[in-house]
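Results of the structural survey
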Amino acid sequence: MEMQNTIEESIDNQQLVWDLQSNLELVLNENLKLAKKMDLESLVPFINYIQQSPRIFLISAGRSGFAMRSAAMRLMHLGLAVHVVGDTTTPAIQKDDLLIAASGSGTTSGIVRAAEKAVSVGAKLLAITADQQSALAKLADHIVYIPAAGKEEHGSGKSQQYAGSLFEQFLLLLMDAVFQSLWKLDGTPAEELYKRHANLE
């Protein structure tokens, strides 16, 4: 109890609340500004690829990987055949399948290797990246460009957040927006989609 009191006394609670409010607004405002910079027309082919592909594979790493796993769940709710690269049950990618690869830098070695493999078997590659000249982008059939700061672009003016936080946050929001559009096109009621939700939790 004495330790708890010492910790509380060492923190200016009001200042911390102000800092938290300021930081929350920073995160939200940066994502709103980024949304206005997006070429939303580049998402039309993205949605077409998803609709026309027999199977969809998603790959990313680190925090972006969590965003892509979230997207995989939503695509599954739509009834699509979707797999996350690296899972033990993920099958071999084949001709006409779609690989959606997200990498801010576009140079993450494991992602680029997976992209090369997908292209070599005749699968389509859709790259989501902050670098349109990257190795990943050059392999892609279609690019969705997110003009956010890369992990090592400190003080670039694109973001005040640490490392690639803005890219990772926006990737989650972007994939949710894509899902919403796919859902509207699909027209299946939410109650029907929810029947596909995991029930072994």
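The structure we're discussing is the one just above.
Here we summarise the structure given alongside this text. (Residues numbered from 1 in each chain as written. Predicted model: local features only at pLDDT ≥ 70, side-chain atom pairs only at ≥ 80, totals over all residues. Heavy atoms only, no water.)

Concerning a nonpolar patch on the surface
Together, Ile11, Leu16 and Leu20 line one region of the surface with nonpolar side chains, adding up to about 260 Å² of accessible area. Inspection of the secondary structure assignment puts Ile11 in the loop between helix 1 (2-10) and helix 2 (13-37). (Patch = residues over 30% accessible without salt bridge, like charges linked within 9 Å, V, L, I, M, F, W, Y side chains within 5 Å. Areas by Shrake-Rupley, 256 points an atom, 1.4 Å probe, with all protein chains shown as cover. Salt bridge = Lys/Arg side-chain N within 4 Å of Asp/Glu carboxyl O. Helix = DSSP H or I, 4+ residues; strand = E, 2+ residues; numbered from the N terminus.)

A short note on the environment of Gly86
Relative to the helices and strands, Gly86 is located in the loop between strand 2 (82-84) and strand 3 (98-103). Taking the C-alpha atoms as reference, Gly86 lies 9.5 Å from Leu58; in sequence the two are 28 residues apart.

Description of the nonpolar core
Residues Phe46, Ile50, Leu58, Ile100, Ile128 and Ile146 are the most contacted members of the largest nonpolar core, which totals 35 residues. At the level of elements, helix 3 (43-52), strand 1 (56-59), helix 4 (62-77), strand 2, strand 3, strand 4 (124-129) and helix 7 (165-186) are the ones that each hand at least two residues to this core. A per-element tally of this core places helix 7 first, with nine residues. Contact partners of Ile128, with chain neighbours within four places excluded, come to Phe46, Ile100, Ala101, Ala102, Ser103, Val144, Ile146, Phe167, Leu171 and Met175. (Core = buried A, V, L, I, M, F, W, Y, C linked by side-chain atoms within 4.5 Å. Buried < 20%, exposed > 50% of the residue type's maximum accessible area, 1.4 Å probe, protein only. Contact = heavy atoms within 4.5 Å.)

Concerning the packing of aromatic side chains
Under the counting rule described, the total for this entry stands at one aromatic pair. Ring centres of Phe179 and Trp183 lie 5.9 Å apart, and the angle between their planes is 20 degrees; this geometry places the pair in the stacked category. Separated by four residues within a single helix, Phe179 and Trp183 lie in helix 7, roughly one turn from each other. Relative accessible area serves as the criterion here: at 7%, Phe179 is assigned to the buried category. With relative accessibility at 25%, the residue Trp183 sits in the partly exposed group. (Phe/Tyr/Trp six-rings, centres within 6.5 Å; stacked < 30°, edge-to-face > 60°.)

Focus: helix 7
In an α-helix there are 3.6 residues to a turn, and that puts residues three or four apart on one side. Between its first and last C-alpha, helix 7 extends 32 Å over 22 residues, near the 32 Å set by a 1.5 Å rise per residue. Positive phi appears at Gly187, one or two residues downstream of helix 7, with a value of about 80 degrees. (Expected span 1.5 Å × (residues − 1).)

A short note on the sheet that holds strand 5 (residues 142-145)
Here we have five strands laid out as an open sheet, ordered 2-1-3-4-5, and parallel in their pairing. Among the strands making up the open sheet, the edge pair consists of strand 2 and strand 5. Neighbour-to-neighbour, the strand axes of this sheet turn through a mean angle of 20 degrees, independent of strand direction. Of the strand pairs in this sheet, strand 3 and strand 4 are connected by six bridges, and their pairing is parallel. Paired with Ser103 across the strands is Thr129, a residue of strand 4. Across the face of the sheet, helix 7 comes into contact with strand 1, strand 3, strand 4 and strand 5 while running at roughly 130 degrees to strand 4. (Pairing = 2+ DSSP bridges. Axes fitted to C-alpha atoms, helices over the stretch in contact; angles between N-to-C directions.)

Re unusual backbone geometry
Positive phi is not limited to glycine here, since Asp96 has a value of about 75 degrees. Relative to the helices and strands, Asp96 resides in the loop between strand 2 and strand 3. For Ala163, which is not glycine, the phi torsion reads 45 degrees and is therefore positive. Relative to the assigned elements, Ala163 resides in the loop between strand 5 and helix 7.

With respect to the pairing of strand 5
Two faces make up the sheet, and in a regular strand the side chains alternate between them. Only one face of strand 5 is covered, namely the face carrying His142 and Val144; the face carrying Ile143 and Tyr145 is uncovered. Sheet analysis places strand 4 next to strand 5, joined by four bridges and oriented parallel. Pairing of Ile128 across the sheet is with Val144, part of strand 5.

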